[in-house]
Each structure stands twice: as C-alpha cells, then as structure tokens.
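The lines below spell out each chain.
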Amino acid sequence: MPTAIIADDERLMRDQLRSRLEQAWPELQILDEAKNGEEAIQLVAQHRPDLVFLDIRMPIKTGLEAAKEIGNQTHIVFITAYDQYAIQAFEHGAVDYVLKPADLERLGKTIERLKARLQTQTQPADMSQLLGQLAKQMGIASKPAYLQWIQASIGQELRLIPVEEILFFQSDEKYTRVQTSNYEALIRKPVRDLAEELDPALFWQIHRSTLVNAKAISGVVRDLRGRHLVQIKGSTEKLEVSRSFVHLFKQM
C-alpha cells in the first residue's frame, strides 16, 4: 500500500486534497499532514513515505526549499496555483504537480503517472537541477510568500476565495468583510494582519480598517466634506481614504 504526506499551510486545501485523493486513489494511505516546509522535512524523515505532496509557497520554508532538503528520500509532487507557463517546467521534469484547487480529472492523470513511477523507479530522481530552474522561473527566491487564498464564512458554508477575486477587505470591531463582485463573506482576521500577508502591489491599504484591490479601483472622488472616496468597478460603493493614505492617489 503506497503512503504519502500532504504539506500545505492552508487547512482547507489539505482537507480538499485528502478528500480528492481518497476518491481517486483509495489505496493511498495519508500518514500525516504538515503546515509548512520545515514540518514536511521532519515528517518525511519520520515516516519515510513513498510520496510527499508539497505546496510551493509555504511559511518558514517553501516547498522548493523543503524539496531540496528532502532530496531523493521520497517522490515529490508539488501543489501549485501557477499558470501554464510555469507549469511547463514540471512537464519536462522528474516531478509531478497538482493544481490548486485539486481537480479530479487532472489529479487522475497525476495519479496514473505516480503509480507508474512507483512501479518502475526504486529510487526517486535527483531534482537538484530542476529545483534551481523552478526557483528561477517562478521567482521564489525574490518574492515573499503572499496569501493566494482566503478562507471565509458565508452563512454556514466555509469557502476558499482566490485573493485576486476580492475587491476589498473592511474591518469592524469583530469581523472583516471580504467583498467580491458576486458575494460578501466574513473572516476574523483584522486588516492590520492581512496587510502583512497580502501582496502590497495588489492590495492597497487606504484606511486603518480597509484594504482595496488596486485593480478594482475605477477612480477617486472628493465629497462635500473634502474626504477622498475610492470608487469600485461595477459597484456603487465608495470607500473612504484616510489622510495617511491620500498620497497613494496623488497621480490619479
């Protein structure tokens, strides 16, 4: 019976991948889960699994850094949300990948290749050259591991929202509102924490309680009281800009 470890810093992603693997590969035994690259390294050394599913971007150590230390102890499958250009590097390497969120059809193809690899390769391939190429191509060494997904509650449902679909975040004393073009959700993480975890080139802080997706801004107006208000594309909503952040819009 083949064995595996799942490493992803997002619990919802780990749960989803585990569920999809149970459907598509019931013989596979998931031994443990890791929340970061350092934990993944430790669990591989502890359990000696046949496979490890590694998220590319994780805190403490990235998936690429973990893979470099794991070496040929086990077969590695990367979990990635990158576009097709970056994925080309995987297609030509001795490693496979799972796209976020895990799709059963694509996962099935990955599983078939993994089964064949486990049957024909007694020793996992040396990936040192490939890891260097991936790090360079994806800019892992130069880019911080910003959040790519937000887990938010919509009524009784827990939903995974890609950050690029979010128009803005707005906090009150207890919750932070997550607004997309189609729906509104709530999370407990305050804006001050989100500001440190989101790409500042994409999300601009315009108020101590508000972060806005720069691509969602249609313009800035001033009201009768002299306040600057951000207009959101496709919405009548206007978000107040505090004096501390007015400089962001000097050129607009």
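All figures in this text were calculated on a predicted structure; none of them were measured in a lab.

Criteria and thresholds
- Residues numbered from 1 in each chain as written.
- Predicted model: local features only at pLDDT ≥ 70, side-chain atom pairs only at ≥ 80, totals over all residues.
- Heavy atoms only, no water.
- Salt bridge = Lys/Arg side-chain N within 4 Å of Asp/Glu carboxyl O.
- Buried < 20%, exposed > 50% of the residue type's maximum accessible area, 1.4 Å probe, protein only.
- Pairing = 2+ DSSP bridges.
- Helix = DSSP H or I, 4+ residues; strand = E, 2+ residues; numbered from the N terminus.
- Axes fitted to C-alpha atoms, helices over the stretch in contact; angles between N-to-C directions.
- Contact = heavy atoms within 4.5 Å.

Enquirer: Residues and numbers for the pattern of salt bridges, please.
Expert: Scanning the entire structure with this criterion turns up twelve salt bridges. The partner of Glu-69 in a salt bridge is Lys-61, and the shortest N-O contact between them spans 2.2 Å. For Glu-69, a relative accessible area of 45% translates into the label partly exposed. In this structure, Arg-177 engages Glu-184 in a salt bridge whose closest nitrogen and oxygen atoms are separated by 3.2 Å. Looking at Arg-177, the relative accessible area reads 18%, which means it is buried. Here the residues in one salt-bridge network are Arg-14, Arg-18 and Glu-33, joined through shared partners.

Enquirer: Now, about the sheet that holds strand β2 (residues 29–34): what can you tell me, with residues and values included?
Expert: Taken in spatial order, the five strands make up an open sheet running β2-β1-β3-β4-β5, and their pairing is parallel. Either end of the sheet is taken by a strand with one partner, and the two such strands are β2 and β5 (96–99). In this sheet, neighbouring strand axes are inclined to one another by 25 degrees on average, regardless of whether the strands run parallel or antiparallel. Of the strand pairs in this sheet, strand β4 (residues 75–80) and β5 are connected by four bridges, and their pairing is parallel. Bridge assignment links Val-77 to a residue of β5, and that residue is Asp-96. Across the face of the sheet, helix α2 (residues 37–47) comes into contact with β1 (3–7), β2 and β3 (51–55) while running at roughly 145 degrees to β2. Taken strand by strand, helix α3 (residues 63–70) contacts β3 and β4, and its axis lies near 150 degrees from that of β3.

Enquirer: Outline unusual backbone geometry, supporting the account with residue identities and numerical values.
Expert: Of note in this structure, Arg-48 is not a glycine but carries a positive phi near 50 degrees. Relative to the assigned elements, Arg-48 resides in the loop between α2 and β3. A positive phi angle is found at Ile-60, which is not glycine, with a value near 70 degrees. Here Ile-60 lies in the loop between β3 and α3. A relative accessible area of 67% means that Ile-60 is categorised as exposed.

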